[in-house]
Amino acid sequence: GRWCSAGFGEELCDLRTVVDYVRNELGCKVICIAGHSKGSAAVLRYALEQQESKNHDDGQNTFVPCFVNLSGRFVTPGEFDIKTRFS
């Protein structure tokens, strides 16, 4: 494909794609996702999505129990609020 600079939404989509690939193509269980610097935002958004969807272990190994934030912001008021996100 063509290279382009990705925004937060695209990075979250990429993360979902990688997790799906590891699960479905490699047959591995994803037990932890780590994000570094700006990548931490995608990891934290993935964790938030998972919590909001209540996508807990359904017997298909879809629940990720551990998320790691490396050198990322940890206080981001309003960042995950749909009205003020990344403004």
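Going along each chain's sequence as written, the residues are numbered from 1 onward. Confidence filtering applies because this is a predicted model: local features only for residues at pLDDT of at least 70, side-chain atom pairs given and counted only at 80 or more, and all residues used for totals across whole chains, interfaces and linings. To get the side-chain values, take all heavy atoms of the structure and skip hydrogens and water.

Asker: Help me understand helix 1 (residues 8–24) in this model?
Answerer: For the α-helix, the turn length of 3.6 residues means that residues three or four positions removed from each other point alike. In DSSP terms, a helix is any run of H or I states spanning at least four residues, a strand is any run of E spanning at least two, and both are numbered starting from the N terminus. In this analysis, the expected span of each helix is defined as 1.5 Å times one less than the number of residues it contains. For helix 1, with 17 residues, the first-to-last C-alpha span of 24 Å sits near the 24 Å given by 1.5 Å per residue. All of the buried residues along helix 1 are Leu12, Leu15, Val19 and Arg23. Along helix 1, the residues classed as buried sweep out an arc of 70° about the axis, all on the same side. When checking whether two residues touch, look at their non-hydrogen atoms; a contact exists if any pair is within 4.5 Å. Against the buried residues of helix 1 lie strand 1 (33–36) and helix 2 (39–53). When accessible area is computed with a 1.4 Å probe and restricted to protein chains, residues below 20% of their type maximum are described as buried, those above 50% as exposed, and intermediate ones as partly exposed. It is the directions from the helix axis to the C-beta atoms that the arc portrays.

Asker: Just checking my understanding: could you explain the packing of aromatic side chains for this structure?
Answerer: The relation between two aromatic rings is expressed through the spacing of the ring centres and the mutual angle of the planes. Working definition: a ring pair exists when centres of Phe, Tyr or Trp rings (six-membered ring for Trp) sit within 6.5 Å. Plane angles under 30 degrees give stacked, over 60 give edge-to-face, the rest tilted. In the structure shown here, the tally under the stated rule is one aromatic pair. Both rings, one in Tyr46 and one in Phe67, keep their centres 6.1 Å apart while their planes meet at 50°; by these two values the pair is tilted. Separated by 21 residues along the polypeptide, Tyr46 in helix 2 and Phe67 in strand 2 (residues 67–70) bring together distant segments of the chain. Here Tyr46 falls in the buried class, since its relative accessible area comes to 10%. Residue class for Phe67 comes out partly exposed when judged on its relative accessible area of 25%.

Asker: Explain the pattern of salt bridges to me, please; I cannot follow it from the model alone.
Answerer: Side-chain pairs of opposite charge can arise whenever the charged atoms involved come near each other. Salt-bridge detection follows one rule: a side-chain nitrogen of Lys or Arg within 4 Å of a carboxyl oxygen of Asp or Glu. Enumeration according to the criterion identifies two salt bridges in this entry. Across the salt bridge formed by Glu11 and Lys38, the nearest N and O atoms sit 3.2 Å from each other. With Glu11 in helix 1 and Lys38 in the loop between strand 1 and helix 2, this pair connects stretches of sequence that are 27 residues apart. Among the salt bridges present, the one from Arg16 reaches Glu49, with a minimum N-O distance of 2.6 Å. Of this pair, Arg16 sits in helix 1 while Glu49 sits in helix 2, placing them 33 residues apart in sequence. What makes Arg16 partly exposed here is its relative accessible area of 31%. Residue classification places Glu49 among the partly exposed positions, given a relative accessible area of 32%.

Asker: Help me out: how do you make sense of the pairing of strand 1 in this one?
Answerer: Residues in a regular strand project their side chains so that they alternate between the two faces of the sheet. Of the two faces of strand 1, the one holding Ile33 and Gly35 is buried and the one holding Ala34 and His36 is not buried anywhere. In short, DSSP must find at least two bridges between two strands for them to pair. Where strand 1 lies against strand 2, four bridges are found, and the strand directions are parallel. Residue pairing in the sheet places Ala34 in a bridge with Val68 of strand 2.

Asker: It is not clear to me how the nonpolar core should be interpreted in this structure. Could you clarify?
Answerer: Burial of nonpolar side chains together is a common tendency in soluble globular proteins. Definition used in this section: a nonpolar core is a set of buried Ala, Val, Leu, Ile, Met, Phe, Trp, Tyr and Cys residues joined via side-chain atoms within 4.5 Å. Of all hydrophobic cores here, the largest spans nine residues; its members are Leu12, Leu15, Val19, Val30, Ile33, Ala42, Val43, Tyr46 and Val64. Within the residue set of this core, elements represented by two or more residues are helix 1 and helix 2. What Leu15 contacts, discounting residues up to four positions off in sequence, is Ile33, Ala42, Val43 and Tyr46.

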